[in-house]
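# Tertiary structure, described
Residue strings, one per chain:
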Amino acid sequence: MKGVPQMKRVERMRASMLALNLDACVVSRPENIRYLSGFTGGEGILFIRPGKAYLLTDFRYIEQAKAEAPEFEIVQIKENRYAPLKDVGGERGQIGFEGDFLTYTEYEKLQQALPGATFRSVSETVTSLRGVKDAGEIALIRQAVKAADAAFEVLLQERLVGQTEEEIFLALEFAVRKAGASGRSFDFIVASGWRGALPHGTASSKVVERGEFLTLDFGGVVHGYCSDITRTVAIGEPDEKQREIYDIVLAAQKEGVRAVKPGLTGKEVDAVARKVIETHGYGEYFGHGLGHSVGLAIHEGPNLSVREERILEPGMVLTVEPGIYIPNWGGVRIEDMVLVTETGCEVLTQSPKDLIIIE
Ligand code: ZN
Ligand code: ZN
């Protein structure tokens with residue numbers, strides 16, 4: 001069983017390489033290495049050729065590499081990370097690499113190790129293989145989403161007034177891990193009151209007070225696959241303005257979810273939710289894209305945004321997360337994860353989204 005989905009993925013990669021006239025491809029981005037080979041170690045490079053697939057790693061990871069990537073030939077790195085490539089067919093020809101990941105210094109080392117080869121950046125080609133998730137990936141994403149939902153439920157039992165954002169961060173991480181995740185999928189955003197106006201306000205030492213909104217953006221990791229959820233809750237009875245903003249964001253979020261279906265571009269879906277917020281006069285306070293794909297990386301493509309021309313396909317997993325952020329007032333964001341189906345989408349996130357008031 002192990003290695004089977006990986007080899008299918010390598011075959012898709014080879015088809016892309018053929019279309020681009022590449023003789024080989026060097027893969028360095030950890031998520032792409034894991035996706036194509038199964039290898040999760042801290043040092044590794046894949047070298048994919050039409051008939052062969054190699055995993056280069058150092059002494060520390062040799063046994064792990066053999067176990068995790070049985071379909072790959074394991075090559076030990078001694079000193080120069082790229083030197084072994086010469087002996088496995090990299091001495092000449094056109095070689096693809098991930099220009100959006102490799103540093104300039106690493107690229108120079110690669111060139112020096114293979115002076116007879118020419119190089120071409122094909123980052124998007126490699127990463128786009130991960131856009132449509134297979135059944136195994138979707139199952140793991142569902143588990144990661146479940147852990148986030150369970151953590152939210154646990155957190156709602158806590159007394160949040162008087163806690164600092166950092167304390168709430170910790171409680172959330174504990175709950176996510178207790179619910180089956182191996183770790184947090186990113187540095188959670190815990191933003192209360194005026195700090196809610198910072199779309200990426202990481203937790204601070206600010207104390208949560210009555211009368212504030214509290215935005216929680218968090219998720220877990222299960223076998224490498226991430227979840228990502230945001231809920232905004234009211235601490236004490238919300239005022240009229242808080243209710244107004246919350247209702248607009250919720251309406252935009254629901255419209256956004258309804259709009260997700262195969263055949264549309266990310267841009268078209270973004271426009272549907274954005275229009276709801278614009279119609280209510282808050283367009284300038286929604287300054288980010290509607291969503292992004294989630295998988296082995298917390299943020300991956302395709303996105304739902306004003307610039308996204310890529311077309312949605314069944315099997316893609318995306319977030320739908322509109323928000324309104326008003327300086328010196330605060331903000332609201334609501335985020336679910338959805339799976340694109342043949343006819344529309346399935347909402348994976350199960351946490352309630354009607355305004356929750358915590359006393
Ligand atoms: Zn999020
Ligand atoms: Zn997100």
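To be clear, the structure that these remarks concern was listed above.
These numbers come from a predicted model, not from an experiment.

### A look at the coordination of the zinc ion (ligand 1)
Looking at the zinc ion (ligand 1), one finds its protein donor set to be Asp217 (OD), Asp217 (OD), Asp228 (OD) and Glu335 (OE), positioned 2.0 to 2.6 Å from the metal centre. Seen from the zinc ion (ligand 1), its four donor atoms lie at angles of 54 to 148°, and the figure they make is irregular. In this structure, the zinc ion (ligand 1) lies 3.1 Å away from the zinc ion (ligand 2), the two metals sharing Asp228 as a donor. Placement of the pair is Asp228 in the loop between strand 11 (225–226) and strand 12 (229–235) and Glu335 in the loop between strand 17 (330–333) and strand 18 (336–340), with a sequence separation of 107 residues. The pair Asp228 / Glu335 is uniform in exposure class, with both members buried.

### Describing the coordination of the zinc ion (ligand 2)
Think of it this way: four donors in a tetrahedron around the metal ideally sit 109.5 degrees apart, and six in an octahedron ideally sit 90 or 180 degrees apart. Around the zinc ion (ligand 2), the donor atoms from the protein are Asp228 (OD), His292 (NE2), Glu321 (OE) and Glu335 (OE), and they sit 2.1 to 2.2 Å away. Each of the four donor atoms around the zinc ion (ligand 2) contributes to a set of angles spanning 78 to 153°, which defines the coordination as irregular.

### Thoughts on the sheet that holds strand 11
The strand order 7-10-11 describes an open sheet built from three strands, whose pairing is antiparallel. Where the open sheet ends on each side, the last strands, each with one partner, are strand 7 (183–184) and strand 11.

### Some points on helix 7 (residues 165–178)
Look at helix 7: 20 Å from first C-alpha to last across 14 residues, which is about the 20 Å you get at 1.5 Å a residue. Taken together, the buried positions of helix 7 are Glu165, Ile168, Phe169, Ala171, Leu172, Glu173, Ala175 and Val176. A positive phi of about 115° marks Gly180, the residue just after helix 7.

### Some remarks on the packing of aromatic side chains
Taken as a whole and assessed by the stated rule, the structure comprises 12 aromatic pairs. Aromatic pair Phe188 and Phe218: ring centres 6.0 Å apart, planes at 70°, arrangement edge-to-face. Pair noted here: Phe188 is in the loop between strand 7 and strand 8 (189–192) and Phe218 is in strand 9 (residues 213–218), with a separation of 30 residues, a long-range link. Each member of the pair, Phe188 as well as Phe218, is classed as buried.

### Considering the nonpolar core
General note: in soluble globular proteins, nonpolar side chains tend to be found buried as a group. Grouped together as the largest cluster of nonpolar side chains are 65 residues, with contacts concentrated most on Met13, Ile48, Val190, Leu214, Leu216 and Phe218. The greatest single-element share of this core, amounting to 10 residues, is contributed by helix 6 (residues 135–156). Counting contributing residues per domain, this core is built from domain 1 (4–128) and domain 2 (135–358), each supplying no fewer than three. Within the second largest apolar cluster, 29 residues are counted, among which are Ala234, Ile245, Ala273 and Leu312.

### Brief notes about the sheet that holds strand 20 (residues 357–358)
Strand order in the open sheet formed by four strands is 8-9-12-20, and the pairing between neighbours is mixed. One side of each edge strand has no neighbouring strand; the edge strands of this open sheet are strand 8 and strand 20. Where strand 8 and strand 9 come together, four bridges link them in antiparallel fashion. Residue pairing for strand 9: Ser192 is matched across the bridge by Leu214. Most of the contacts of helix 7 go to strand 8, to which it runs at about 140°, and overall it touches strand 8 and strand 9.

### As for unusual backbone geometry
The step from Gly301 to Pro302 runs through a cis peptide bond, and the omega angle for that step is 0°. Residue placement: Pro302 occurs in strand 14 (residues 300–304). Non-glycine residue Asn328 carries a positive phi angle of around 65°. Within the element layout of this structure, Asn328 appears in the loop between strand 16 (323–326) and strand 17.

### Looking at the state of the cysteines
According to the stated counting rule, one finds zero disulfides in the structure shown. Cysteine Cys345 shares no disulfide, and the gap to the nearest cysteine sulfur, in Cys226, comes to 20 Å. Overall, Cys345 belongs to the partly exposed group, its relative accessible area being 22%.

Thresholds applied
Residues numbered from 1 in each chain as written. Chains lettered and ligands numbered in written order. Predicted model: local features only at pLDDT ≥ 70, side-chain atom pairs only at ≥ 80, totals over all residues. Heavy atoms only, no water. Donors = N, O, S within 2.8 Å, 3.2 Å for Na, K, Ca; no water. Tetrahedral: all angles 85-135°; square planar, octahedral: opposite > 155°, others 65-115°. Helix = DSSP H or I, 4+ residues; strand = E, 2+ residues; numbered from the N terminus. Buried < 20%, exposed > 50% of the residue type's maximum accessible area, 1.4 Å probe, protein only. Pairing = 2+ DSSP bridges. Expected span 1.5 Å × (residues − 1). Phe/Tyr/Trp six-rings, centres within 6.5 Å; stacked < 30°, edge-to-face > 60°. Core = buried A, V, L, I, M, F, W, Y, C linked by side-chain atoms within 4.5 Å. Domains from an automatic or database assignment. Contact = heavy atoms within 4.5 Å. Axes fitted to C-alpha atoms, helices over the stretch in contact; angles between N-to-C directions. Disulfide = S-S within 2.5 Å.

On their own, these measurements won't tell you what the molecule is for.
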